[in-house]
Amino acid sequence: TRFERRREALARRQRQLERLRSVPAMTRDEVRIVLQCNLELPTELALARQVGAEGVGLLRSEFLYMNRDTLPSEDEQYVAFRDILEGMEGRPVTVRTLDVGSDKLAYSLGEHISPSANPALGLRAIRLSLKVRKLLETQLAAMLRASAHGKLRILLPMINTSSEIKRVREAMDKVVRRLERKRAAMADPLPELGIMIETPGAALSADSLVKNCDYFSIGTNDLTMYTLAADRGDEQVAHLYDPLHPAVLRLIRYAAQAGAAAGIPVNLCGEMAGDPRLTALLLGLGLRDLSMAAPNLPRVKQRVLGLEMTDAQRRAEQIMEQSDSGVIAALLDDFNTLE
């Protein structure tokens, strides 16, 4: 009987959340928040539409490279990106270039990457793409061609320096010239080029990096790991992985402020974005664009709708004065209970 009551309560809650699908995510004091979805696979597209996602804030392109012996061709990648853009029916899709080499290994890349003693600090993400330019240029060509079918943005993972962004722009210029010679259709203007803020070095130099890119996307999963030197996938140290650590929060705020000062969009796409417990804190720190796994979006939207932005900002300021993550958690939970 108890379980039947819980099931009925869950069903009622689910129906309430479903009614929010077409409701704009706006705080009680009318601050508009953008809620998008992260996609691992194209099959998740239907769920993103079902929950009312305003776009794809992070499309992980690794699915094209996994469980195969050969690399995907430009045409194959173009078709995959095109289909997702068309499936989102005009809403923006942010496609991240290849990010393998840490917890994600693709044996189709076997000739380009070898085992590392410390994969998280080794040849991964943009480092691999810049070393093997053919990988990068093929992806960029597919994205540029797909951009003719919708609003596509290009996202670069694990950027640490402005020179990395400049080298990607050089590669992009080369690809654009090649596609123009072939008279291939592309978006006009060309897709925006953004960077992931997911290392302390990137966050602390955000005010410099902002000069060479069109937007930021803060990846809190890796940012927390690199800041605290703790792998959440390692059970021996997973308890040290704490997104509410003051250092992590300060880096998030610094990057958000640097983007706002430069007038560029700042998105947050780590798991923190999908946790309603943290929504008020993230908004209070200056974020206005959150991207998360689709099942989490309705609960986060419900939390946004119940918030006063001015209250969230005041509590965030109070939290940022603390030096203990336990106190921070208590202040946050107290605020959520009051709300």
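Parameters and conventions
- Residues numbered from 1 in each chain as written.
- Predicted model: local features only at pLDDT ≥ 70, side-chain atom pairs only at ≥ 80, totals over all residues.
- Heavy atoms only, no water.
- Helix = DSSP H or I, 4+ residues; strand = E, 2+ residues; numbered from the N terminus.
- Rg over C-alpha atoms; globule rule 2.2 N^0.38 Å.
- Buried < 20%, exposed > 50% of the residue type's maximum accessible area, 1.4 Å probe, protein only.
- Contact = heavy atoms within 4.5 Å.
- Salt bridge = Lys/Arg side-chain N within 4 Å of Asp/Glu carboxyl O.
- Disulfide = S-S within 2.5 Å.
- Phe/Tyr/Trp six-rings, centres within 6.5 Å; stacked < 30°, edge-to-face > 60°.
- Lys NZ or Arg CZ within 6 Å of the ring centre and 35° of its normal.
- Axes fitted to C-alpha atoms, helices over the stretch in contact; angles between N-to-C directions.
- Parallel < 35°, antiparallel > 145°, perpendicular 65-115°, else oblique.
- Left-handed = near helix turned anticlockwise from the far one by under 90°.
- Nonpolar A, V, L, I, M, F, W, Y, C, P; charged D, E, K, R; others polar.
- Patch = residues over 30% accessible without salt bridge, like charges linked within 9 Å, V, L, I, M, F, W, Y side chains within 5 Å.
- Areas by Shrake-Rupley, 256 points an atom, 1.4 Å probe, with all protein chains shown as cover.
- Lys, Arg positive; Asp, Glu negative; His and termini not counted.
- Charge placed at Lys NZ, Arg CZ, Asp CG, Glu CD.

S.K.: Just to check I follow, could you spell out the overall build of the protein for this structure?
M.R.: Scanning the protein for helices and strands turns up 14 helices and eight strands. In summary, the protein has a C-alpha radius of gyration of 20 Å against a globular reference of 20 Å for 339 residues, a match within 12%. For the protein, the C-alpha atoms occupy an extent of roughly 60 × 45 × 40 Å along the three principal directions. Looking at the protein residue by residue over its 339 residues, the buried ones come to 52%.

S.K.: I would appreciate a short explanation of helix H9 (residues 220-228) in the present structure.
M.R.: Residues separated by three or four positions in an α-helix point in the same direction, a consequence of the helix having 3.6 residues per turn. Among the nine residues of H9, eight are classified as buried, and the element is accordingly described as predominantly covered. In this structure, the buried residues of H9 make contact with strand S5 (193-197), helix H7 (200-204), strand S6 (215-218), helix H10 (246-262) and strand S7 (266-268). Of the residues one or two after H9, alanine 229 is the one with positive phi, at around 50 degrees.

S.K.: Explanation requested: the side chain of arginine 145 in the structure shown.
M.R.: Tracing the backbone shows arginine 145 in helix H5 (residues 133-146). Accessibility expressed as a relative area gives 17% for arginine 145, which makes it buried. Excluding residues within four positions of it along the chain, arginine 145 makes contact with Glu74, Asp75, Tyr78, Leu179, Ala184, Ala185 and Met186.

S.K.: Teacher, can you tell me more about the pattern of salt bridges here?
M.R.: Two side chains bearing opposite charge may form a pair once their charged atoms approach each other closely. For the structure on display, the rule yields 21 salt bridges. Across the pair glutamate 74 and arginine 145 runs a salt bridge whose closest N-O atoms are separated by 2.8 Å. Here arginine 145 lies in helix H5 and glutamate 74 lies in helix H3 (residues 74-87), a separation of 71 residues in the sequence. In this structure, the salt-bridge partner of arginine 82 is aspartate 83, at a minimum N-O distance of 3.1 Å. Take arginine 82: its relative accessible area is 23%, and that puts it in the partly exposed class. Judged by its relative accessible area of 38%, aspartate 83 falls in the partly exposed class. In the salt-bridge network here, residues are joined through shared partners; they are Glu62, Arg96, Asp99, Arg124 and Asp222.

S.K.: Explanation requested: the environment of glutamate 271 in the structure shown.
M.R.: Structurally, the position occupied by glutamate 271 is in the loop between S7 and helix H11 (276-284). Taking the C-alpha atoms as reference, glutamate 271 lies 9.9 Å from asparagine 38; in sequence the two are 233 residues apart. Ignoring any residue separated from it by four or fewer positions in sequence, one finds glutamate 271 in contact with Thr220, Asn221 and Arg232.

S.K.: Which parts of the structure should I look at to understand the state of the cysteines?
M.R.: Where two cysteines share a covalent bond between their sulfur atoms, that bond is called a disulfide. Scanning all chains against the criterion turns up zero disulfides. Cysteine 213 takes part in no disulfide bond, and the closest cysteine sulfur to it belongs to cysteine 269, at a distance of 14 Å. Residue cysteine 213 is classed as buried on the basis of its relative accessible area of 7%. On the accessibility criterion, cysteine 269 (2% relative accessible area) is buried.

S.K.: Sorry if this is basic, but what is going on with the packing of aromatic side chains here?
M.R.: Two numbers describe a pair of aromatic rings. These are the distance of the centres and the angle of the planes. All told, the structure shown has zero aromatic pairs when counted by the stated rule. Positioned over the ring face of tyrosine 78 is arginine 145, at 4.3 Å from the centre of the ring. When the ring centre of tyrosine 215 is taken as reference, the NZ or CZ atom of arginine 153 above it lies at 3.7 Å.

S.K.: Looking at this structure, how should I read unusual backbone geometry?
M.R.: Omega for the bond connecting aspartate 188 with proline 189 falls within 30 degrees of zero, at 5 degrees, which places this linkage in the cis form. Turning to its location among the elements, proline 189 is positioned in the loop between helix H6 (162-181) and S5. Phi at asparagine 67 takes a positive value of approximately 55 degrees, unusual for a residue other than glycine. Asparagine 67 sits in the exposed class, given a relative accessible area of 69%.

S.K.: Honestly, the packing of H3 against H5 in this entry has me stumped. Any pointers?
M.R.: A pair of packed helices is captured by two measures, namely the crossing angle of their axes and the spacing between those axes. Relative to each other, H3 and H5 sit at 40 degrees, their axes nearing to 8 Å. Classified by the interaxial angle, the pair formed by H3 and H5 is oblique. Seen from above, H3 lies across H5 with right-handed handedness. Each of Glu74, Asp75, Gln77, Tyr78, Phe81, Arg82 and Leu85 in H3 lies in contact with H5, whose residues at this interface are Thr138, Gln139, Ala141, Ala142, Met143, Arg145 and Ala146. Per-class residue counts for the contact of H3 with H5 are seven nonpolar, three polar and four charged.

S.K.: Which parts of the structure should I look at to understand a positive patch on the surface?
M.R.: Where like charges cluster on the molecular surface, the positive patch consists of Lys134, Arg177, Arg181 and Lys182. Within the secondary structure layout, arginine 181 lies in helix H6. Since its relative accessible area comes to 65%, arginine 181 is described here as exposed.

S.K.: What is the right way to look at the environment of threonine 161 in this model?
M.R.: One can find threonine 161 in the loop between strand S4 (152-156) and H6. Separated by 40 residues in sequence, threonine 161 and glycine 201 have C-alpha atoms that sit 8.4 Å apart.

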